[in-house]
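Summary of the model geometry
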Amino acid sequence: MENQELLQRSLRAVWHPCTQMKSHESAPLVPISHGQGVWLYDMDGKRYLDAVSSWWVNLFGHNQPQIKQAICEQMDALEHVILAGFTHEPVVRLSERLAALTGLGHCFYASDGASATEIALKMSFHYWRNSGKPGKTRFLSLQNGYHGETLGALSVTDVAIFKDTYAPLLLQSEQMPSPDWRLAAEGESAEQYASRCGDALEQHIAAHHEQIAAFILEPLVQCAAGMAMYSSLYLQRARDICSRYQVHLIADEIAVGFGRTGTMFACEQAAIRPDFMCLSKGITGGYLPLSVTLCTEEIYQAFYDDSAVRGFLHSHSYTGNPLACAAALATLDIFERDGVLESNLRKSAYMKQQLEQALAGLPVMHARQQGMIAAFDVISVRQDFQRDFYQAALARGLLLRPIGNTVYLMPPYVISDSEIDWMCGEIAQLLQERLT
Ligand SMILES: Cc1ncc(COP(=O)(O)O)c(C=O)c1O
């Protein structure tokens, strides 16, 4: 099939996510036929470097042989089975390995990130109810935070364009000041600002903890906020405050987990253990939808009872899908076999250095990096910067999705030095062309 034909059929048949469909009257869809490594290819053979890891899910490139093989082998044995009342080896092995990696346990599976958020919120509320505190019905999150689009997840998300329309449908939640260091006052360090945000959090929780079930945050990087980065001190502070006031801490590591920030999980950089951890995206290396919510033993025990309604009666049809679990196990194998975290240290330093050189003298600010996430803000008054830059980058064969005036790079970990050079060089040329 040719590019043009597929585009027309897609516009007629598919409602694309996060899209005003009318915008495709002027901005065409990109039809992809196959992928290899960091590259995506359209039907006419044009290629695009996937600098956003296909919405932050791909870790080891497209068409990754080990993950593909693991899925194929699993397909020969068992493609799916109901997980209520039944179990299977991939889900058990994966749960054991995730527990060993996180220090949490009792993996509860779903398919998308938003469902993992929903599960954590529901479990937290239900824990307090089972523990004689049914008044704890409210949730706290961070300003500019993002936790997904289903109604519960959207209630703790703070991105106006996604949330405002649905406001009458949402749960009660309050947003705390974001420790994003770009918001620090002049002369204030990232740590001092994080500490000031910690004070605000403490004040709020001290006053309202009897109504608050949980505080949910994205550790170290608020990705959808435009790769807003913050000091790990804030996480330590949040852990301490939540423990003292009996409020659950939910770490949403859906985007930052699996090595993205430099450690396997971002919480490790603050040496904290949350009460719940939500994982998804990179968990299957970008192959299949899978998400999981892990919790502490204490939380699990509050549900363990003779009474059915004290149990967590939540479910999704594809919970713990064996193919997705096999992909996740292969992903963890690659981390172990290839020393991914160590090699990413060097790679992220190289990306930082090349990007800094590329940006020298250009109208940008707040260059920042955390592991395999690099970002900077463009100084531009163009109202259409986001859309214009996206399209100009695509024309050059680079898939970037700026968020407002923030341009970020979040490539698959298998990106080579020469691909980093090319990507940074293209960005420099694009900025020159569009902004100067
Ligand atoms: C931090 C975070 N939480 C939750 C989600 C929602 O995940 P999903 O899109 O798989 O529902 C996302 C998606 O970008 C995310 O970045």
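Higher on the page you've got the structure.
The shown structure was predicted, so the numbers you read here are calculated from the model rather than taken from an experiment.

It is worth spelling out the sheet that holds strand β7 (residues 212-217) at this point. Hydrogen bonds between backbone groups are what pair the strands of a sheet, and the pairing can be parallel or antiparallel. If you walk across this open sheet you meet the seven strands as β4-β12-β11-β10-β7-β5-β6, and the pairing is mixed. A strand with exactly one partner marks an edge of an open sheet, and here the two such strands are β4 (105-110) and β6 (173-176). Averaged over all neighbouring strand pairs, the angle between strand axes comes to 20°, with direction disregarded. Pairing of strand β5 (residues 138-142) with β7 involves three bridges; the strand directions are parallel. Within β7, the position partnered with F139 by the bridge is A214.

Our focus in this paragraph is the state of the cysteines. Applying the stated criterion across every chain, the model contains zero disulfides. Free of any disulfide, C278 has its nearest neighbouring cysteine sulfur in C267, separated by 11 Å. Residue C325 stays outside any disulfide, its sulfur separated by 9.2 Å from that of C107, the closest cysteine. With relative accessibility at 0%, the residue C325 sits in the buried group.

Below, the discussion takes up the pattern of salt bridges. If charged atoms from side chains of opposite charge come close, those side chains can pair. For the coordinates displayed, the defined rule picks out 25 salt bridges. Residue R434 pairs with E433 through a salt bridge whose shortest N-O separation is 2.9 Å. Of the residues examined, E433 reaches a relative accessible area of 42% and is grouped as partly exposed. Several salt bridges share partner residues, and in doing so they unite R382, D384, D388, R396, E426, E433 and R434 into one network.

Counting through the fold element by element, A84 comes out in the loop between α3 (65-77) and α4 (89-102). We classify A84 as exposed; its relative accessible area is 55%. Considering only alpha carbons, one finds A84 and L290, 206 residues apart in sequence, at a separation of 17 Å.

The terminal C-alpha atoms of helix α5 (residues 113-130), which comprises 18 residues, lie 26 Å apart, in line with the 26 Å expected from a rise of 1.5 Å per residue. Burial within α5 is extensive, with 15 of its 18 residues counted as buried. Among the residues trailing α5, G132 stands out with phi positive, at a value near 80°.

Another point: the site of the ligand. Inspection of the region around the ligand gives W56, D112, G113, A114, Y146, H147, G148, E218, D252, I254, A255 and K281 as its neighbouring residues. Within the contact set of the ligand, an oxygen atom lies 2.8 Å away from a backbone nitrogen or oxygen of G113. A distance of 2.7 Å is found between a nitrogen atom of the ligand and a side-chain nitrogen or oxygen belonging to D252. Protein contacts shield 83% of the accessible area of the ligand, which totals 390 Å² for the unbound molecule. Of the residues that constitute the shell around the ligand, the class distribution is five nonpolar, three polar and four charged.

Reading guide: rules and limits
Residues numbered from 1 in each chain as written. Predicted model: local features only at pLDDT ≥ 70, side-chain atom pairs only at ≥ 80, totals over all residues. Heavy atoms only, no water. Pairing = 2+ DSSP bridges. Helix = DSSP H or I, 4+ residues; strand = E, 2+ residues; numbered from the N terminus. Axes fitted to C-alpha atoms, helices over the stretch in contact; angles between N-to-C directions. Disulfide = S-S within 2.5 Å. Buried < 20%, exposed > 50% of the residue type's maximum accessible area, 1.4 Å probe, protein only. Salt bridge = Lys/Arg side-chain N within 4 Å of Asp/Glu carboxyl O. Expected span 1.5 Å × (residues − 1). Near = heavy atom within 4 Å. Polar contact = N/O pair within 3.5 Å; in protein donor to acceptor, adjacent residues only side chain to side chain. Areas by Shrake-Rupley, 256 points an atom, 1.4 Å probe, with all protein chains shown as cover. Nonpolar A, V, L, I, M, F, W, Y, C, P; charged D, E, K, R; others polar.

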